Amino acid sequence: TTASEQLTQKLKTLSVTPLQEYPNCFPDVNPVDIYRSHLTSILTEVTGVDAKIVYPALQWTQTLEKGDLVLPVPALRVKGKKPDELAAEWIQKFPESPLVHPPSHNGAFLQFFFKVDKLAEVLIPSILKKKQAFGLNPFLGLKDINEPSKGRKRMIVEFSSPNIAKPFHAGHLRSTIIGGFLSNLYEGAGWEVIRMNYLGDWGKQYGLLALGFEKYGDEEALKADPINHLYEIYVKINKDLTEEKDQIKELEAAGKDASELKDNGLDEQARRYFKAMTDNDKKAIDQWARFRDLSIRRYKETYARLNINFDDYSGESQVKQEGMDAAAKRMADMGVSEESEGAVIVDFSKHVPGKVGKSLERPIIKKKDGTALYLTRDITEMMQREEKYHFDHMIYVVASAQDLHLKQLFKIIELIGYKELAQKVQHINFGLVLGMSTRKGTVKFLDDILRDVGEKMHEVMMTNATKYEQVDDPLGTADILGISSVMVQDMSGKRINNYEFNMDAMTSFEGDTGPYLQYAHARLCSITRRVALSDEELLSADLSLLTESHAHNLLRVISQYPDVVQNTLKTLEPTTVLTYLFKMTHALSSSYDHLRIVGSEKELMKARMALYASAHTVLNNGMKLLGLTPVERM
Ligand code: ARG
């Protein structure tokens, strides 16, 4: 029997009349949708309003005191009476329901409280059976919900996108965390997700880097630690370049000839080297490709610690010259770009009326010497991605410092006639991390950050010697806890907010931190190990034994998880999930004293354990959705 047949069967035993189908209603996937469907059927009778209006008006609540679902009366658009009068009238007419208590009203809101014994009957078995799949809704990403054979929608999430040989800064860190999360979120909603990294890996500075390697490079060091070695070289050779520039200035100030330095100095050599790269000179390209490959290999190891695996390492180097020529021609032909002082620019004020046009400024598309810029590459890259992947949607996870850049990019795509493409792309931005430094100074690389928080977490763990001794792999655990600390702090606020990088606060067990969440998870694992009941035993539990208010609250909070995930597809904020997980773990930790397992008789033990196992699944799924690695012991 399928899940939906089982559900129909179950509802029959609960004397619930067969559920009506509604758009966006997935009772097999989201138990709360059973209530939405059931309530909609009743409410259409009671109010005379069409189900199409009633169903989407039923909202979930953030706080349990307000009810499990609420209906804002004005949303039904019934004329002639005041909302609270209508509410009172409808409450009068409301028939007895097997699933919900008689409604109440709070001003213009009708409040519905679930009959929790029935909730337990539909919710717990569903979670115990679905396990990792609980909270996911694979139907949302279907091209056509009625015809799954037509396939899934395709999404590109571009994120992280560091620059080779340059520091991996806070902006890259946040992009990595948020982008990894969004990828998981859409995958869970049934989309086909392509995780893409758009590396900064092209330009004159990579010619300079190659020169630097000739001067300062070391094969062994490169292979052992490409990221740091290339960065060291980059720093040294840039210092040389600065000195050269100073020298030229001095010579010129003294009225002396600087032409030798100008014609054959580092800067000119770097330009020539990069020219050789763009001309596909084998030696130059091979050297550059080696730097790139070794760097990517190293990045991959670090990303793996964050549970991230990119499908495509694109980058500025991957943008084709022919493509850029074609795009430049199109912009010129359509009158979008124009010449200005020898360069090519887009003057948005001529194409977009009013303030908006002005605010988009006048970016350069091609410099006097013909070199293409960051923006130009992005224009062509977007078209290349469209051609390669035929995506349905694409997200750029980039710091809000680049808001203007992405606005310019999207507008140009629209102005040159790719309206549909322009509608499929979205910028997900985020604020700054302030003071991201560690005890060893300002952080440069992701590895440094992760190592430092790992060490700090290890120190914190060692303060509790008895517990520390019970952990099998303390260093590995400290590493994971450190990563969780950083990620949870990053995801605590809205994306757009800036936050202070605070090592002490993020590694604390107190407050809503990564270690706290991990602790809540490890505690559930420990209970599971001790109680050791099989799935069959849990599924046969008599859930009517869950009578305490703590059990009821926990059940109600747990039931919200699929709605939370669905709501997150609207907010696209990691904090939507994280805030919920903290709410759930708080309800959990306050119930332990009231819902004891050890010492309870067998049937009660089974029922309570079924509840804890459900909480465990929700916490585990939520943490993984965020990109965290839940630990079993700590
Ligand atoms: N590499 C860029 C930087 O570090 C970020 C790239 C963002 N993505 C894009 N398509 N422009 O600033």
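None of the values given here were measured: they were computed from a predicted structure. (Residues numbered from 1 in each chain as written. Predicted model: local features only at pLDDT ≥ 70, side-chain atom pairs only at ≥ 80, totals over all residues. Heavy atoms only, no water.)

Once that is clear, we can look at the sheet that holds strand S4 (residues 109-112). Judged by pairing direction, the sheet is antiparallel, and its four strands sit side by side in the order S1-S2-S4-S3 without closing on themselves. Strand pairing shows two members of the sheet lacking a second neighbour, strand S1 (59-60) and strand S3 (104-106), which therefore form its edges. Judged from the three bridges that link them, S3 and S4 form a sheet pairing that is antiparallel. Across the sheet, Ser 104 pairs through a bridge with Gln 111, a residue of S4. Along the sheet face, helix H4 (residues 83-93) touches S3 and S4 and points at about 170 degrees away from the line of S3. (Pairing = 2+ DSSP bridges. Helix = DSSP H or I, 4+ residues; strand = E, 2+ residues; numbered from the N terminus. Contact = heavy atoms within 4.5 Å. Axes fitted to C-alpha atoms, helices over the stretch in contact; angles between N-to-C directions.)

Every residue lining the ligand is accounted for by Glu 158, Ser 161, Asn 163, His 172, Tyr 198, Tyr 374, Asp 378, Tyr 396, Val 398, Gln 402 and His 405. Here a nitrogen atom of the ligand sits 2.7 Å away from a polar atom, N or O, in the side chain of Glu 158. Summarising the interface, the protein chains cover 90% of the accessible area of the ligand, which totals 350 Å² for the free molecule. Split into classes, the residues belonging to the shell around the ligand amount to four nonpolar, five polar and two charged. (Near = heavy atom within 4 Å. Polar contact = N/O pair within 3.5 Å; in protein donor to acceptor, adjacent residues only side chain to side chain. Areas by Shrake-Rupley, 256 points an atom, 1.4 Å probe, with all protein chains shown as cover. Nonpolar A, V, L, I, M, F, W, Y, C, P; charged D, E, K, R; others polar.)

Let's shift gears to the side chain of Arg 298. The residue Arg 298 is located in helix H12 (residues 282-305) in this model. On the basis of relative accessible area, Arg 298 is assigned to the buried category, the value being 19%. Ignoring sequence-local partners within four residues, the contact set of Arg 298 consists of Asp 225, Pro 226, Ile 227 and Asp 447. (Buried < 20%, exposed > 50% of the residue type's maximum accessible area, 1.4 Å probe, protein only.)

A separate point is the side chain of Asp 240. Among the structural elements, Asp 240 can be located in helix H9 (residues 226-253). Judged by relative accessible area, Asp 240 falls into the buried class, the value being 16%.

Turning to the domain arrangement of the chain, a few remarks are in order. In terms of domains, the chain is made up of domain 1 (3-114), domain 2 (155-428) and domain 3 (509-634). The distance between the C-alpha centroids of domain 1 and domain 3 comes to 27 Å. Contacts between the two partners involve 13 residues from domain 1, matched on the other side by ten residues from domain 3. Approximately 1000 Å² of surface area, both sides summed, lies buried where domain 1 meets domain 3, with 48% of it carried by carbon and sulfur atoms. Sorting the residues of domain 1 by area buried against domain 3 places Asn 30, Trp 60 and Leu 64 first, and these three jointly supply 54% of that buried surface. The salt bridge involving Asp 68 is made with Arg 556; its shortest N-O contact spans 2.8 Å. Taken together, the links from domain 1 to domain 3 amount to six residue pairs in polar contact (both at pLDDT 80 or more). Per-element accounting of the side of domain 1 that touches domain 3 gives the leading share, three residues, to helix H2 (residues 31-47). (Domains from an automatic or database assignment. Buried area = accessible area lost by both parts, 1.4 Å probe. Salt bridge = Lys/Arg side-chain N within 4 Å of Asp/Glu carboxyl O.)

Attention now moves to helix H16 (residues 403-415). When the terminal C-alpha atoms of H16 are compared, their 18 Å separation across 13 residues agrees well with the 18 Å that a helix rising 1.5 Å per residue should span. Every buried residue of H16 is listed here: His 405, Leu 406, Gln 408, Leu 409, Phe 410, Ile 412 and Ile 413. Structurally, H16 contributes buried residues whose contacts are with helix H13 (321-333), strand S10 (364-366), helix H15 (374-389), strand S11 (393-397), helix H17 (419-424) and strand S12 (425-428). Just downstream of H16, Gly 417 is the residue with a positive phi angle, here 95 degrees. (Expected span 1.5 Å × (residues − 1).)

What follows covers the packing of aromatic side chains. In total, this model carries 18 aromatic pairs according to the counting rule given. Note on Tyr 186 and Trp 191: the rings are 5.5 Å apart at their centroids and 80 degrees apart in plane angle, and the pair reads as edge-to-face. A single burial state applies to Tyr 186 and to Trp 191, both of which are buried. These aromatic residues form a ring-pair network of at least three members: Phe 159, Tyr 299, Tyr 303, Phe 310 and Tyr 313. Directly above the ring of Phe 391 sits Lys 424, whose terminal nitrogen or CZ lies 4.9 Å from the centroid. (Phe/Tyr/Trp six-rings, centres within 6.5 Å; stacked < 30°, edge-to-face > 60°. Lys NZ or Arg CZ within 6 Å of the ring centre and 35° of its normal.)

The backbone of Asn 24 sits at a positive phi, close to 65 degrees, despite the residue not being glycine. Along the chain, the position of Asn 24 falls in the loop between helix H1 (3-13) and H2. With phi around 75 degrees, Ser 160 is a residue other than glycine that occupies positive phi space. Relative to the helices and strands, Ser 160 resides in the loop between strand S5 (154-158) and helix H6 (170-188).

This part takes up H2. The end-to-end C-alpha distance of H2, which contains 17 residues, comes to 24 Å, matching closely the 24 Å that a straight helix rising 1.5 Å per residue would cover. Here H2 lies mainly inside the structure; 14 of its 17 residues are buried. Structurally, the start of H2 carries an N-cap: the backbone nitrogen of Val 32 is 3.0 Å from a side-chain oxygen of Asn 30. Positive phi appears at Gly 48, one or two residues downstream of H2, with a value of about 75 degrees.

It is at 10 Å that the axes of H15 and H16 come closest, and there the two elements cross at 50 degrees. Judged on the interaxial angle alone, H16 and H15 are oblique. When the axes of H15 and H16 are compared, the crossing they make is right-handed. Residues Tyr 374, Leu 375, Asp 378, Ile 379, Met 382 and Met 383 of H15 form the contact with H16, whose participating residues are His 405, Gln 408, Leu 409, Phe 410, Ile 412 and Ile 413. A per-class count over the contact of H15 with H16 returns nine nonpolar, two polar and one charged. (Parallel < 35°, antiparallel > 145°, perpendicular 65-115°, else oblique. Left-handed = near helix turned anticlockwise from the far one by under 90°.)

Next up on the list: the sheet that holds S10. Each strand in a sheet pairs with its neighbour through backbone hydrogen bonds, running either in the same direction (parallel) or in the opposite one (antiparallel). Spatial strand order, S8-S9-S10: three strands in an open sheet with antiparallel pairing. Single-partner strands in this sheet number two, and they are strand S8 (338-340) and S10. The mean angle between the axes of side-by-side strands here comes to 50 degrees, regardless of whether they run parallel or antiparallel. Pairing of strand S9 (residues 343-345) with S10 involves two bridges; the strand directions are antiparallel. Looking at the pairing, Ile 345 lines up with Ile 364 of S10.

Orientation of helix H5 (residues 116-130) relative to helix H24 (residues 549-559), taken along the N-to-C sense of each, is 55 degrees, at an axis distance of 10 Å. What the angle tells us is that H5 and H24 run oblique. The handedness of the crossing between H5 and H24 comes out as left-handed. Where H5 approaches H24, its residues Val 116, Leu 119, Ala 120, Leu 123, Ile 124 and Ile 127 are matched on the opposing element by His 552, Leu 555, Arg 556, Ile 558 and Ser 559. Its residues placed into classes, the contact of H5 with H24 shows eight nonpolar, two polar and one charged.

Here we take up the pairing of S4. Alignment of strand S2 (residues 69-72) against S4, held across four bridges, turns out to be antiparallel. Its bridge partner being in S4, Leu 69 is matched across the sheet by Phe 112. In this structure, the hairpin formed by S3 and S4 is closed by a connection of two residues, where Gly 107 is found at a positive phi of approximately 60 degrees.

Counting across every chain of the model gives 44 salt bridges. Between Glu 381 and Arg 385 there is a salt bridge whose closest N-O contact spans 2.6 Å. Taken as a pair, Glu 381 and Arg 385 lie in helix H15 at a separation of four residues, close to a single helical turn. Summarising the burial analysis for this pair, Glu 381 and Arg 385 share the class buried. Connected through salt bridges with shared partners, the residues Arg 298, Glu 301, Arg 305, Asp 447 and Asp 479 form a single ionic network.

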